[in-house]
Structures are given as structure tokens and as C-alpha cells.
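# Per-entry structural report
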Amino acid sequence: MNPDFQGLRVLDTFLATAQVNQIPDQSAPINKVHTHVLKSDSFIEYKMSCKICDIPFFGTLDEFKKHRQSEEHLSKLTNSLSLSHNADGEDSDEVIKGSPYFEIMHTNTKVQMYKIILAGRKDDLYSKPSLDLNTDIFNRLIAFKKSHILIALNGGGYFASAIFDNSTKEIVCSKTIRKYTTRRKQGGSQSLKDNEKGGKIHSAGAMIRRENEKKLRDEILTLLFSTWKPHLLNCSLIFCNRDSFLTQEVFKDSDYRTLPFTTYQADLEEICRCYNELISSIKIL
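So, here is what we can say about the structure in this document.

Basis of the calculations
- Residues numbered from 1 in each chain as written.
- Predicted model: local features only at pLDDT ≥ 70, side-chain atom pairs only at ≥ 80, totals over all residues.
- Heavy atoms only, no water.
- Helix = DSSP H or I, 4+ residues; strand = E, 2+ residues; numbered from the N terminus.
- Buried < 20%, exposed > 50% of the residue type's maximum accessible area, 1.4 Å probe, protein only.
- Contact = heavy atoms within 4.5 Å.
- Areas by Shrake-Rupley, 256 points an atom, 1.4 Å probe, with all protein chains shown as cover.
- Disulfide = S-S within 2.5 Å.
- Pairing = 2+ DSSP bridges.
- Core = buried A, V, L, I, M, F, W, Y, C linked by side-chain atoms within 4.5 Å.
- Axes fitted to C-alpha atoms, helices over the stretch in contact; angles between N-to-C directions.

The secondary structure content of the protein chain amounts to twelve helices and nine strands. The buried share of the protein chain, taken over its 285 residues, is 41%. Intrachain contacts of the protein chain at a sequence separation of at least 6 include 58% that bridge at least 24 residues. Of the roughly 16,000 Å² of accessible surface on the protein chain, 49% is carried by carbon and sulfur atoms.

Take a look at the structure:
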């Protein structure tokens, strides 16, 4: 499987249509933004209203955003989604709060993508279901479009990783490692079995698996922090699966993000599938 960069081309198109001087700056005074909007020839495109709550107009962008996050609006939105689903059996295009996706809106265009692309789970932005394009979001999108991304998967004696360059749309480097660490027909790693028994199991197979676990960990650390060190320094985003060794040891001091979907046996094909899953989530609705 090869990487699919179609989502990045969609992002290019979306950003090309969003002129920086048309995007409200959150740091600017409210009256300045409001004056700019009033002077625009296309004022109707910037009109802020809420059909769900039957509010025809909001005086400022902050009022509009505050209303969209209010309990009253979210409650009516949830009821609206429920009625829509019961009426015709189809979900509404609105994204509810628990969704793993963002909807980013600019004028008449709405783009969807995984939240994890723009914000980590500890970021306040992650809890929001929809966003209006502003300078902060615009800059995050630009940064993602130019970023190097590392994706790493580990589990069951299989490790795979690759670094993707979004700007050139190429794979910078990739590596897969495989070791015999899992107990045949019984499952589980040797270290896990040792912990269950309260001590080390003294058998030839157990000794081999235990040694291979150590070798695998050492090879992963050497690869990422020695062989790939120059490439890793260029990576602005790190994605991995929920493997304890990766999250608690390898990337514990990094701002890593766990993949928001199920991953399978680690190999280069699965790494490319994960990358495609992330990038293909970028689509215009």
C-alpha cells in the first residue's frame, strides 16, 4: 500500500480559498473585527446566526462562539440530531461533541478532519466539535501541510515506523523490526507472563523470548534516537498506537498523539494505511 496524499490536496484547495485578511483574528479587538465585517462587500457571507435556536444575528464573533458552546444550544442541537435521525433514518451533517472529527467552517465552505491532526487530547481545542476558521486554526493547518510526521506501531514482537513529509508528499524513511517475543498458541509477552507468575520462568523458550524483548526495545531506541535523530528533530507530529512501551518510555517526554482508530499488526503496509486514514479524513463537506 502506498501513501495517499489526496487529503493534502484537498487542504491545499481549502487554504487557497481562505484569504488571510478575511479570517477573523482572535487577538484583534472586537470592534475592529466588527468594523471590518461591516465594510465587506460580501457581508451576507459573514452573517452569524443560529437557525437551531432561531437567533437571526449575533453582534460579535465572540457572542456567536459563546452561544455555539452554550448548554442551551448543545441541548437543542442534540434534540435536532435525534429528530432528524428518527425522521429519515440518516444522521445530520452536524458534528456532536463526542465525535473524533472537527468541522472547520469558512464562508460557505466546510472541511472535516480528525481532531488529532490539529490538537492533542489535552488541548482545550480538542473538546470542540466545530470551529470557525481564524488565524490560529489557519496557522495550524499551514503547519500541518508543511510538517514531517512520524507514525510508530508496536506490539506482539512487531515494530514498524515511518516518517512522512507532507510538503513534498514523500516517505522520508521507514523501518520494520520483528522478534520472537510472544508465547506461541498462548499469546501474551514473556514479561507479562513473568509478572503473572511473580517471577521469571526458567525455560529455554522463556529465556529466548525475554532476551528478544530486550533486543527489540534496544533496537527501537537506537533507531529513533540515534539512526533517525536528524529526521526526528524535523518531526513536528508523532503518532503511535496505545502500546505501553511507546507511550510510557519511548515518547514519554514528547508531545505524542495516539491514533484515533484501531491499528493492526505493525508492518510498513499498516503504517501507510494509518497515514492514509489520517490524511483521507480531510474532506470538504
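There is more to say, and it comes next.
Further remarks concern the state of the cysteines. Tallied over the entire structure, the rule returns zero disulfides. Residue Cys173 stays outside any disulfide, its sulfur separated by 7.4 Å from that of Cys235, the closest cysteine. Exposure remark for Cys173: the relative accessible area of 12% places this residue in the buried category. The thiol sulfur of Cys274 is not disulfide-bonded, and the nearest other cysteine sulfur, from Cys272, lies at 9.3 Å. On the accessibility criterion, Cys274 (0% relative accessible area) is buried.

Hydrogen bonding along the main chain pairs the strands of a sheet, whether they run parallel or antiparallel. In spatial order, the strands read S3-S1-S2-S9; together these four strands make up an open sheet with mixed pairing. With one partner strand each, in any of the chains shown, strand S3 (130-132) and strand S9 (283-284) form the two edges of the open sheet.

This paragraph deals with the nonpolar core. Residues Ile104, Leu141, Phe144, Ile151 and Leu278 are the most contacted members of the largest nonpolar core, which totals 42 residues. Leu141 has contacts with Leu11, Phe14, Leu15, Ile104, Met113, Leu118 and Leu133, leaving out every residue within four places of it along the chain. Within the second largest apolar cluster, 19 residues are counted, among which are Leu150, Ala152, Ile177 and Leu246.

With six bridges connecting them, strand S1 (residues 101-106) and strand S2 (residues 109-114) associate as antiparallel partners. Looking across to S2, one finds that Met105 is bridged to Lys110. Linking S1 back to S2 in an antiparallel pair, the connection comprises two residues, with Thr107 at a positive phi of about 50 degrees. Alignment of S1 against S3, held across three bridges, turns out to be parallel. Along S3, the bridge assignment pairs Ile104 with Leu131.

Taken together, the five strands give an open sheet; going across it, the order is S6-S5-S4-S7-S8, and neighbouring strands pair in mixed fashion. Two strands bound the open sheet, and with one partner strand each, they are strand S6 (170-178) and strand S8 (257-258). Pairing of strand S7 (residues 235-240) with S8, which is carried by two bridges, proceeds in the parallel orientation. Across the sheet, the residue bridging to Cys240 is Thr258, located in S8. Along the sheet face, helix H12 (residues 268-280) touches strand S4 (148-155), strand S5 (158-165), S6 and S7 and points at about 130 degrees away from the line of S4.

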